[in-house]
Structures are given as C-alpha cells and as structure tokens.
Amino acid sequence: MQDYIWLIPFFPLLGFLINGLLGKYLSEKVIGILGSAMVFLSFSTAVVLFFQLTQLDPENRLFINTLYTWMATGSFSADVAFRFDALSAVMVLVVTGVGFLIHVYSIGYMHGDRGFARFFSFLNLFTFAMLLLVLGNNFLIMFLGWEGVGLCSYLLIGFWYENPEYAYAGNKAFIVNRIGDFGFLIGIFMIFGYFGSLNFDTVLSAAGMQPEWVITTICLLLFVGATGKSAQIPLYVWLPDAMAGPTPVSALIHAATMVTAGVYMICRTSAMYVLSEVALSVVAIIGLLTALMAATIAITSKDIKKVLAYSTVSQLGYMFLAAGVGAFATAIFHLMTHAFFKALMFLAAGSVMHALSNETNIDKMGGLKNKIGTTYRTFWVGGLAISGILPFAGFFSKDEILWKAFSSPFGSTVFWAVGTLIAGLTAFYMWRMIYTVFYGESRVDKEVALHIHESPKVMTVPLIVLAALSTVGGLVNIPHYFPMFEHFLDPVFMKYINPAAFEASHGSFGLELTFAAISLVVAFTGIWLAKVMYVQRRELPDKIASSVKGLYTLLFNKYYVDELYDKIIVKPFVKVSDAFFYAFFDVKIIDGIVNGSAKIMDSIAGVLRRSHSGVVQFYALSLVVGAIALFGYLIFG
Amino acid sequence: MTDLPLLSITIFLPAIGALLLLFLKDSMEQLQKMLALIVSALTFIVSLPLYFSFNSNTAAFQFEENYTWISAIGANYHVGIDGISLLMIMLTTFLGPLVVLSAWNAVHKSLKGFLISLLVLETGMLGVFASLDIFLFYIFWEAMLIPMYFVIGIWGGQRRVYAAVKFFIYTMVGSLLMMVAILFAYFYVGEQTGTYSFDYIHLRDFLMPVEIQKWLFLAFGLSFAIKVPMFPFHTWLPDAHVEAPTAGSVILAGVLLKMGTYGFLRFCLPMFPNATFIFAPLISILAVIGILYGAWVAMVQKDVKKLVAYSSVSHLGFVMLGIFSFTHQGMQGGLIQMVNHGLSTGALFLIVGMIYERRHTRMIEDFGGLARQIPIFTTFFMIVTLSSIGLPGLNGFVGEFLVLLGTFQTNVTLAVLATSGVIFAAVYMLWMFKRVMFGPITREENKRLTDLSKREVAVLVPIVVFIVWIGVYAQPFLGKMEKSVDSLLAQLKAKQTALVQPGNEIIGGGE
C-alpha cells in the first residue's frame, strides 16, 4: 500500500491540469465538483493509509514511497520520495480534510466569478504543493512544496489582479517569503555540508554527532524560513495584506494550512531543535512576541478579515511557543484545532461578506444575528473555540500549550504568564468582533441591507461540519485521561531523542488543573469585557481610545512596521540601484570608458572608412589581412 | 554506432541551407521561410541521435571526426563532443527552428539575408561547440560574429549602429587577445614537444609553466568574460539586446553567451589549470557581483527587454560561480544553468518580441492590465517568469540550487551573498510582471491586443515543455554530463599537484 502514497498529491495535480487547461470549456458545476472530488480522493487515500499505519507497532509506523531520482551529482542526490508517518498523516488529513470542505464552500462563494476555473485550478495546485511539503522525505521535496505553496499564495492573493493593490499584496507575500526562503536555502546547504545528505532520516539520526553551534545555526536558518512562511516577527507583514485574496483562500492557505508549514518544519526537524537550547529559546520567544504583538493589533482593527489575519499570526505564535519549549505534539495539536476553528471563522466571515455585498468593515455591520442565523451560530462556536472555552477544541490545545510553556524543561513562568495574557486578549478581540458584527443595532448601508441573505447550503454545510470539528476536535487529546493524539505522534518526535529529557521538570497535576482554571477565568473575563464594551456600553471603546490616544494610534497603525520597512529598506534600495548602480556606475563609468575607447577606434577606422557602416568593412578587412598574414607566416616563415 | 559523420552533418546542414537560400529569388519570401524552417528543423532531427546514442559512461570525446586540413601548420578538421558540449549543441539545434518561426512576420526588409544570417550563425555556433582543434575553433568563433553583427546592425532597432559597433568593439578586443594567445600556445607547445599542432588535446595535455599559464588564461579569459558577459564587461549586452530583433536576442541570450562560459570550461580550465586556481577567487567575486549588480540594475529598468538583458548578467553570474567552485554540484549546476538560461531567457525575449510586434513598444509604463486581455500570453509569460526566478519544479531552480550548493561547500560567504540573489530575482521579475500584466488597463491600445496565434504558441510550447521537464526530472540531463565533469575535475586536481611536485619533468620542460 505504501507504493500508493504518490496518489495523495497526484489527484489535486490532475485536477489542476484538467481545470487549468480545459476549464474554459467546462461549466462551473463540473469544475467545482471535479476540483473538490480530487481533494476528496486524496483525503480518502490518506484515510486508508492512516488506518494501515495504525495497524503497525508505534515505532514502525512509517511508509516510504520513492519514485525517482530528481537530481544527483557527485555525492549529492535527491529523490522524489514521500514519507507517510504519524506526523505527515496528521498533516495530510488536515490539509485534505479541511481543504475539501473549503473547496466545496468555494463552489458557492466563487459562483459567477469570471475566473472560476482559474480559481479551482490554483486551489488544486495549492493542495498539491502543500501535500508535497508535508509528504516529502527530504529537505528538497519539502522546499519544492514550500515554494509551490508560496507561488499559489501569490497567485491567489492577486487573484483579482485588476486591483493593483491586490496585485501588490501578492508580490509582497512572494518577496517577503523569499527573504525567509533565503535562510531556508542556506540551512539546506549547511545540512548537506555537514551531513552529506538531505534525507530526513539520515540527517536527523546523525544530528547528535554534530557540534552544537552547527545544529544551532542550521536550526536558526531553518527558522528564518519559518518566520516567512508562518508570518512571524520580523517577516509577518505580508499576511494581513494577503487578505486581498478571495476569502476561501484566506481560510485554506492563510489560516489552516500553508502558514502552519513553518510549525510543521520545526516539528519535522525536532530532533535537531532539541539539541540546541538557543534555537529553541529563539523559537519560543519569537513565537510569544509575535503572538502578543498580533493580538494587540487585532484589538483595534476594523476589518473583519484583518482581525482574523492578525489572530492567525497570533495563534501561529502560540504554536511556535509550544515548539520552542519542546512540546512538538502540542504544537501540532494546536495546529490541527486551529485549522478547524480558524477555517471556520474565515469561511463564516466570508458568509457575512457574501450577505453584505463584500463589506468587510465591522463598523458597517451589526445586528446580523437573526438575519444570517447559521453563519452566526457557527461563528459563535469558532469564537468559543479560539477563546479556549471548555469543552471546545481550542481549550484543550491552548491549555496544553500554556501548561507546557510553564512545565517543560525549556519553559518558564514568564512564558506561561504572557501566554495567558494573550489568551485573554484573544477572547477579547474575537468577541469584540462577534458582538460588533452580530449584535446591537444594524449599521449596514441601506442599499446593502436590502440584499442580506443567508448563504446557500453548499457554503453553510462546510461551516456546520467545521463547527462540529471545532467543538469536539479537542477531545482526541485529553491530558492524563485520553492523550491519544500525543501517543500517536510521540514516536515521531521521540525517535532520535531521549524521552526522559522531556519529562515535565516541575509542576503537578494539581497545578495543571489550577492553571486550566485560571485560563478559563481569563478567557471568560475577555469575553465579558467585550460584551460590556461592545454591547452594553458602546460609548466606552471610544472613550478608552481617546484617553490613551498615543497607544491607540500606534496599535491602529500596526506599530508603523510597514512604513518603517518601506522607509529604511525598500525605498533606499530602489533609489541606490537606480541612481548609483545604474545611472552612475553602469552608464557613466563603464559605458563612459567603452564609448571613450570607441571614439578612439572610430578615428582610427575613419582612415579606412568608405561608407557609413565602415566599421564592418574595416573589421572584415582586418580579419582577412590578419588571416593571410598568419597563413603566410606559418607556411613560409 | 552509425558510420555517418553525424556531427559534421549537424554542423553544416544550416550552412547548406543558407547556400540554397542564395538561389531563391528575393520575392519568394514564403518559400525562403519554409526552407529555413525545414533546414533548421532537419538539423535538430539530425542532432537527436547525438543525444540519444551519446554514451554517458565515458568522458571521452564521441562522434569524433579528425581529418588533416592544413598539414603545414598542423591544423586539422577535428570535431567531437563530450558531456560538456552535448547539451550546448542540443540547445542550439533546438532553438534553431523556434527562432526561424519567431521571425515569421517580424522581418520587413531583405528577409533572405536575414534567414541566411541566422543559418550561418547556427553553423558557426555549432562549430564552436564541436571544435577540437583550436584553429578550427577560432575560425568558427570569428565566423559566427559576422552574421550576428549584421543581424543587429541591419535588422535592429533605432540605435542599431551604435549597438552593433559596441558589440563589435568589445568582441574584437577579446578576439584579438585570444588569437595572440592561441598563437603563443601553439608555438610554445610546439617548441617544447617538437610537434606543432593546433589539436586541442595536444595543447591541453601539455602543462605549461604557471607564469605563461597566467598570461594565456587572461587573454582567453577576457575574450570569454566579455562574451558571458561578466561584470564589468557587460555593457554591450543591454544595448545589443535592446537593438537586436527578437530572433537576434534569442540567439544572443540563448546560445551566444554560453560560448563564453563554455570557453572557460573547455579551454581555460583544462589548459591553464594552475592559473585557473590563481584567478578563481577573482572570478568568483566578479560572478557574485554580477549576480547582485545585474539584479539591482535590472530592477530599475523601464524597458522590459533591457530588464531581461540585465537579468542575463545576473543569471550568467551563477554559471560562472558554479564553474569556479570546482565542485561536482557547482559545475554540473553551472552547465544545466547554461541550458536553463537559454530556455527561459530565450523564451522571455520571444515573449517580449511578441508583445512588441503588437504594440511597437517595450516600455513598462505603456502596458498594465494585459492579463485580462490576453490570457494565453499571460500564462506563458508567467511560467517563463517563474522559471527565470528559479521556482522549484521549473528548470531554473535546479541550476541555481546546485550552483549554490556547490559554492557553499567551498566558500560560504560568496554562497550566502549569491543566494540573496534569489530574493532580488523575485523582486525585479515580479515587479515588472505586475506592472505589465496586472492592474487595470490604462491605455486604449492595450484593449485591442490579440492573444497569441497558433504559430506563437507553437514556438513557446516546446520551450515550456523543457522548462518543466528539467525542473521535475533533471537527472537525465545531469547524467549526460556527469562523467565529463568528473574527468575535468580530476584533470584539474591532477595537474595542480603535478606542477606543485618539485623536480617534475613537465616543469623542467617549461622553465
């Protein structure tokens, strides 16, 4: 059966080719069903493989499918090869499962768009690339998928390319990601330099034999790549702009799957990370800072999709925090629950926009609770899940992160405290949005208000399925009682390391329960505050904003990071290239010298010149004369 | 293997076609085009057995033909190919018919002369890649420049004379130095061995003293460096490209530039190995400067064609860096990058040409929003752009990755600097693409654009096929060159140690 792993990425590739090449001859219905079916076929294949995998002993759960040699030179060789182990199984199931629902939803959402076929072919191409990323058996296939998803992200952010801002956002995403990839690539070179291979097993099993600085450097370089793809400080700036893409794209690529690739990468190479405390700390701290920063920005944003975008950045920060304290299974657990509830919220937001003629400003919404009931109820579930309310999915995964941030040998009280604060902020900003959008008076434009309608079934059914997953998805891993998820993944993470190093260094079961209670209280406080401010006393937010005007402006303008980058990097760079390198150095200096010597040449040639293109004759003549002289010398000389 | 002199047939078939064209009346344009197309297509077909029956398990020259030519000076007609020249030959014959097809409606004066120039050019280029006699090589090298000069100077744009003269000056400086160096090597080796011969293998296998190697390396190297073009000898390229007609640009970028990098591999490295090691740091640094500088300058260009021209400086920098890393990955990566650049930049020039034929402008600001109007064009342009950026899964990545991987093993700093080039490549290409293709249509003329014709699609499809093929399955191509690169590296190392050991006879002979 392992010989069929290739089928998983193959189906979406096929869908891409058919819809991409023949899409203009097909009806929307055919295109949509075909695109979705291909992802469903991948999902089904993955389910079958998953069950086969569970038949094996935990430590033997690995299928490898080698297709052919991609490139080989000297001692370097990279195969096109896939690996299906517990980690890739979880990733593949999330990608194809959530991906399938989003494909189905898109049939309704993209209805009538002139780029319908193009949209589905890109979405399939994305799924293909994402599957390569998580199935690759070596760093190079992972990188192939990594760049592939980046390409699709670029194509889909700029899907409505006629809007120059959208096209700009696409470029920004690609280029910022390339900065990350620069680090990733150098990491790959270094891995090959020290390990002589790019195969995961070869590299990871030998990681312990390398000096620590090598491992630290490699891990940090890979992490640079992760900060690009997973939108962490300092490369997160592209993700909020990426909301220019159609909403299903935001849900699939910029929330549930692609942006989690960095987390996956660190977990995949965890055997290296655990060898470097420095690298782990950097990951944890960057994750925590990003989570905090993004959460504060989300509080002031007025755009429904931007709130969700910053929320995604923040939640990804959580995942990195988990990975950074060595809790890899927990990071993946949160990755999965986040995929459920964030995809849900994005799609629900899309449903809101669908109802309001693509309005995204939450100040122009309100009172939608009863008008679009299904959307509201599913959004509500998502809100509880992300806030970490028991028993929704987010509670289990987020709480586990906070606990590990404290109890792990790499953790600390500060990690826990800040993490808990962020949990409160999260509950607050999310419910601020929910209350503003669905409760209170309607602030919808009159023209728009006439057309408010619930979305069709093809959109609401995926919402309901995701809401169900967001409700019960956390139950697969209940610490101490039912840690199935962790037990399933642990063989992957513990394969090359000593599990004893990961026993909680401090903390007891009692403390764990206390912490869980604290985070529940914090979450409820956040929701309660939001309710007070945005439902009961609506004048409060403005008052608070004007009382801390400086801070509010800073947050509202996203700490001016975009402006800063533009001013200190982008503009000077273009200017120097234009004014100095091109206009001065290339044209004045180098060409000046060339043209100067050309003038001298010309005056020499002028002697022989007979017509306006005399140079040719001179050249031909000199060639002939030279050749004759040469022959003469050689033969008679 | 077959008894037919396949290599010679391949080399001279285009020239025979050119001769036949001479007999056609000026007015028979359709017939002239058909003839040129058939001849160049036939050349490609004839060259296919070279690829398919090429033995990848040996570094020896294959399809060798060696006849006495001018016995008085020891010049032979000696041709043959190994893994280094094979792909160059294939690239040349592959692009041949595509170039003819691309010029179908583009030439409005003296079509016959144009087609003859193209065909003669092809013979010249094939000869350069196949020659194993340095005298023969030089003849082909020079012979090829004349039709190229005409193509730019006669069928070029408004500033064609300036561009052609610039091309000529640069090239002539290099050629003259190389000629002197060839003669010196010929006499020197002749004197030392008693055999006066221009035979490549004869000259290559004699190890000259380091001092002499240095001078000869510089003379050959300058000629090749101009052709590559390496920074700072690159300024002829943007002008030549901008003024040359599309077909000229495609040949220039696709094949001509590779003669420079090929020259280094074929002559400079094996003939002057010690000098090679001495100059390698300098060349590597220039290569990295070229990668970055080319990218930065490309970024600020207002003319699409000039942008693509500067991107060539950047891409060829990767090739040079790879060659001078003296690693398997770097060299094979450099070689495959030569092919890649021929495909992707060739295709970019074709695409720019197609839009120029419609709009008679290449200025970025004259476009914008074309994607909606001409979707087929957009698709091809996108794929080729991504190939040029080095997106994994397309050909460009394989070359760049291997070059950088190889370089990293020998010089971390240069590799890191060069790797940053992948960021800038995305910047200048995608920025240009956005300004040309995306956004709203702002100019009336652009609303009347027609999408690609069947002929144009037929020109681009074969290139895209290889762009994807090399990208997803590079091994067949890398496998063809492996043994030759192995052997070249082994020779380099052997010769380096040979000269270092004291009391070695070869040194004795040299001093």
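Reading guide: rules and limits
Residues numbered from 1 in each chain as written. Chains lettered and ligands numbered in written order. Predicted model: local features only at pLDDT ≥ 70, side-chain atom pairs only at ≥ 80, totals over all residues. Heavy atoms only, no water. Helix = DSSP H or I, 4+ residues; strand = E, 2+ residues; numbered from the N terminus. Buried < 20%, exposed > 50% of the residue type's maximum accessible area, 1.4 Å probe, protein only. Lys, Arg positive; Asp, Glu negative; His and termini not counted. Charge placed at Lys NZ, Arg CZ, Asp CG, Glu CD. Phe/Tyr/Trp six-rings, centres within 6.5 Å; stacked < 30°, edge-to-face > 60°. Lys NZ or Arg CZ within 6 Å of the ring centre and 35° of its normal. Pairing = 2+ DSSP bridges. Contact = heavy atoms within 4.5 Å. Buried area = accessible area lost by both parts, 1.4 Å probe. Salt bridge = Lys/Arg side-chain N within 4 Å of Asp/Glu carboxyl O. Polar contact = N/O pair within 3.5 Å; in protein donor to acceptor, adjacent residues only side chain to side chain. Nonpolar A, V, L, I, M, F, W, Y, C, P; charged D, E, K, R; others polar. Core = buried A, V, L, I, M, F, W, Y, C linked by side-chain atoms within 4.5 Å. Domains from an automatic or database assignment. Axes fitted to C-alpha atoms, helices over the stretch in contact; angles between N-to-C directions. Parallel < 35°, antiparallel > 145°, perpendicular 65-115°, else oblique. Left-handed = near helix turned anticlockwise from the far one by under 90°. pLDDT = per-residue confidence, 0-100. 1 Å grid on protein atoms, 1.4 Å probe; cavity = no way out; pocket = protein on both sides within 12 Å on 5 of 7 lines; lining within 4 Å. Points joined across faces, edges and corners; volume = space filled by probe spheres on them. Disulfide = S-S within 2.5 Å.

1. Brief notes about the overall build of chain B
Counting its secondary structure elements, chain B contains 22 helices and two strands. Here chain B holds 511 residues, and 69% of them are scored as buried. For chain B, the separation between the mean place of its 30 positive charges and that of its 28 negative charges on side chains is 12 Å.

2. Some remarks on the packing of aromatic side chains
Here the structure, examined in full by the defined rule, presents 92 aromatic pairs over all chains. Both rings, one in A:Trp146 and one in A:Phe184, keep their centres 4.9 Å apart while their planes meet at 85 degrees; by these two values the pair is edge-to-face. Here A:Trp146, found in helix H5 (residues 139-157), pairs with A:Phe184, found in helix H6 (residues 164-195); they are 38 residues apart in sequence, far enough to count as distant. Residues A:Trp146 and A:Phe184 agree in their burial class; the two are buried. Here the guanidinium or amino end of B:Lys227 rests over the ring plane of B:Trp141, the centre of that ring lying 4.8 Å away. Here the basic side chain of B:Arg362 rests over the ring of B:Tyr356, its NZ or CZ set 4.9 Å away from the ring centre.

3. Considerations on the pairing of strand S1 (residues 62-70) of chain B
Residues and elements named next belong to chain B. Bridging between S1 and strand S2 (residues 75-81) involves six bridges; their strand directions are antiparallel. When the sheet's bridge partners are listed, Thr68 is paired in S2 with Asn76. Following S1, the chain reverses through four residues before pairing antiparallel with S2; Gly74 in that reversal takes a positive phi of roughly 70 degrees.

4. Description of the interface of chain B and chain A
Listed by partner, the interface residues are 75 residues for chain B and 60 residues for chain A. Summed over both sides, the interface of chain B with chain A buries roughly 6,300 Å², with 76% coming from carbon and sulfur. Our enumeration of links across chain B and chain A arrives at two salt bridges. We note a salt bridge from B:Arg372 to A:Glu162, for which the minimum N-O separation is 3.0 Å. Between the two partners, chain B and chain A, sit 21 residue pairs in polar contact (both at pLDDT 80 or more). It is helix H6 (residues 160-193) of chain B that provides the largest number of residues to the side of chain B that touches chain A, a total of 10 residues. The class makeup of the residues in the side of chain B that touches chain A is 54 nonpolar, 14 polar and seven charged.

5. Focus on the nonpolar core
A general trend in soluble globular proteins is that nonpolar side chains are found buried together. Ranked by internal contacts, the top residues of the largest apolar core, which has 444 residues, are A:Met71, A:Met272, B:Phe264, B:Leu269 and B:Phe401. Per-element tally for this core: the top contributor is helix H15 (residues 328-355) of chain A, with 20 residues. Counting only domains with at least three residues in this core, you end up with domain 1 (2-556) and domain 2 (561-636) of chain A. With near-sequence residues (within four places) excluded, A:Met272 lies in contact with A:Phe139, A:Ile191, A:Val203, A:Leu204, A:Ala207, A:Ile215, A:Ile218, A:Cys219 and A:Leu222.

6. Observations concerning the pattern of salt bridges
All told, the structure shown has 24 salt bridges over all chains when counted by the stated rule. One salt bridge in this structure joins A:Asp85 and A:Arg268, with 2.8 Å as the shortest N-O distance. Remark: A:Arg268 occurs in helix H11 (residues 261-268) and A:Asp85 occurs in strand S2 (residues 76-85); sequence separation between them is 183 residues. On the basis of relative accessible area, A:Asp85 is assigned to the buried category, the value being 2%. On the basis of relative accessibility, which here comes to 4%, the residue A:Arg268 falls in the buried class. Across the pair B:Arg358 and B:Glu456 runs a salt bridge whose closest N-O atoms are separated by 2.7 Å. Of this pair, B:Arg358 sits in helix H13 (residues 328-359) while B:Glu456 sits in helix H20 (residues 454-472), and the two are 98 residues apart along the sequence. Connected through shared salt-bridge partners, A:Arg83, A:Asp85, A:Asp201 and A:Arg268 make up one network.

7. Concerning the packing of helix H2 (residues 28-55) of chain A against helix H3 (residues 86-109) of chain A
Residues and elements named next belong to chain A. Two elements in contact, H2 and H3, have axes separated by 9 Å at closest approach and are oriented at 155 degrees. When the interaxial angle is binned, H2 and H3 end up roughly antiparallel. With respect to the hand of their crossing, H2 and H3 are arranged in left-handed fashion. When H2 is examined against H3, the residues Gly32, Ile33, Gly35, Ser36, Val39, Phe40, Ser42, Phe43, Ala46, Val47, Phe50 and Leu53 are found in contact with a partner set consisting of Ala86, Ala89, Val92, Leu93, Thr96, Gly97, Gly99, Phe100, His103, Val104 and Ile107. Looking at the contact of H2 with H3, its residues break down into 15 nonpolar, eight polar and no charged.

8. Points about the confidence of the model for chain B
Interpretation of the predicted coordinates at a detailed level should be avoided for regions scoring low in pLDDT. Residues and elements named next belong to chain B. Summing up the model confidence of chain B, the mean pLDDT is 91 and the portion of residues at 70 or higher is 97%. Highest mean pLDDT in chain B belongs to helix H17 (residues 412-419) (96); lowest belongs to helix H22 (residues 505-510) (39). Every residue in residues 502-511 is under pLDDT 50, and counting partners more than four places away or in other chains gives 11 contacts.

9. Examining the pairing of S2(B)
By the criterion of burial, S2(B) is predominantly enclosed, with seven of the seven residues buried. Because side chains alternate across S2(B), one face comprises the buried residues B:Ala75, B:Tyr77, B:Val79 and B:Ile81, and the other comprises B:Asn76, B:His78 and B:Gly80, equally buried.

10. Some remarks on the environment of A:Asp181
All names here are of chain A. Its location among the elements puts Asp181 in helix H6. Assessed through its relative accessible area of 3%, Asp181 is described here as buried. Residues Asp181 and Trp213, 32 residues apart in the sequence, show an inter-C-alpha distance of 21 Å. Contacts of Asp181, omitting those with residues within four sequence positions, involve Phe143, Trp146, Glu147 and Gly225.

11. Let's talk about the environment of A:Leu185
Mapped onto the elements of the fold, A:Leu185 is located in helix H6. According to the relative accessible area criterion, A:Leu185 is buried, its value standing at 6%. Ignoring sequence-local partners within four residues, the contact set of A:Leu185 consists of A:Phe143, B:Phe401, B:Thr419 and B:Val422.

12. Focus on the layout of surface pockets
By volume, the second largest pocket amounts to about 860 Å³. Considering the residues around the second largest pocket, the lining is formed by 25 residues, among which A:Tyr168, A:Ile175, A:Ile569, A:Val570 and B:Val427 are closest to the centre. Elements with a contribution of two residues or more to the lining of the second largest pocket: H6 and helix H25 (561-608) of chain A together with helix H18 (421-437) of chain B. A total of eight residues in the lining of the second largest pocket trace back to one element, the largest contributor, which is H25(A).

13. Quick look at the state of the cysteines
Residues and elements named next belong to chain A. All told, the structure shown has zero disulfides over all chains when counted by the stated rule. This cysteine, Cys219, is not joined by any disulfide, and Cys267 carries the nearest cysteine sulfur, 12 Å off. Given the relative accessible area of 0%, Cys267 is considered buried.

14. Observations regarding the environment of A:Pro211
By the element assignment, A:Pro211 lies in the loop between helix H7 (200-206) and helix H8 (212-229). The spacing of A:Pro211 and A:Tyr68 is 143 residues in sequence and 33 Å in space, taken between C-alpha atoms.

15. Side note on the confidence of the model for chain A
Per-residue pLDDT for chain A averages 89, and the proportion of residues at 70 or more is 92%. pLDDT under 50 marks residues 608-614 of chain A. Its contacts with residues more than four places away, or in other chains, come to four contacts.

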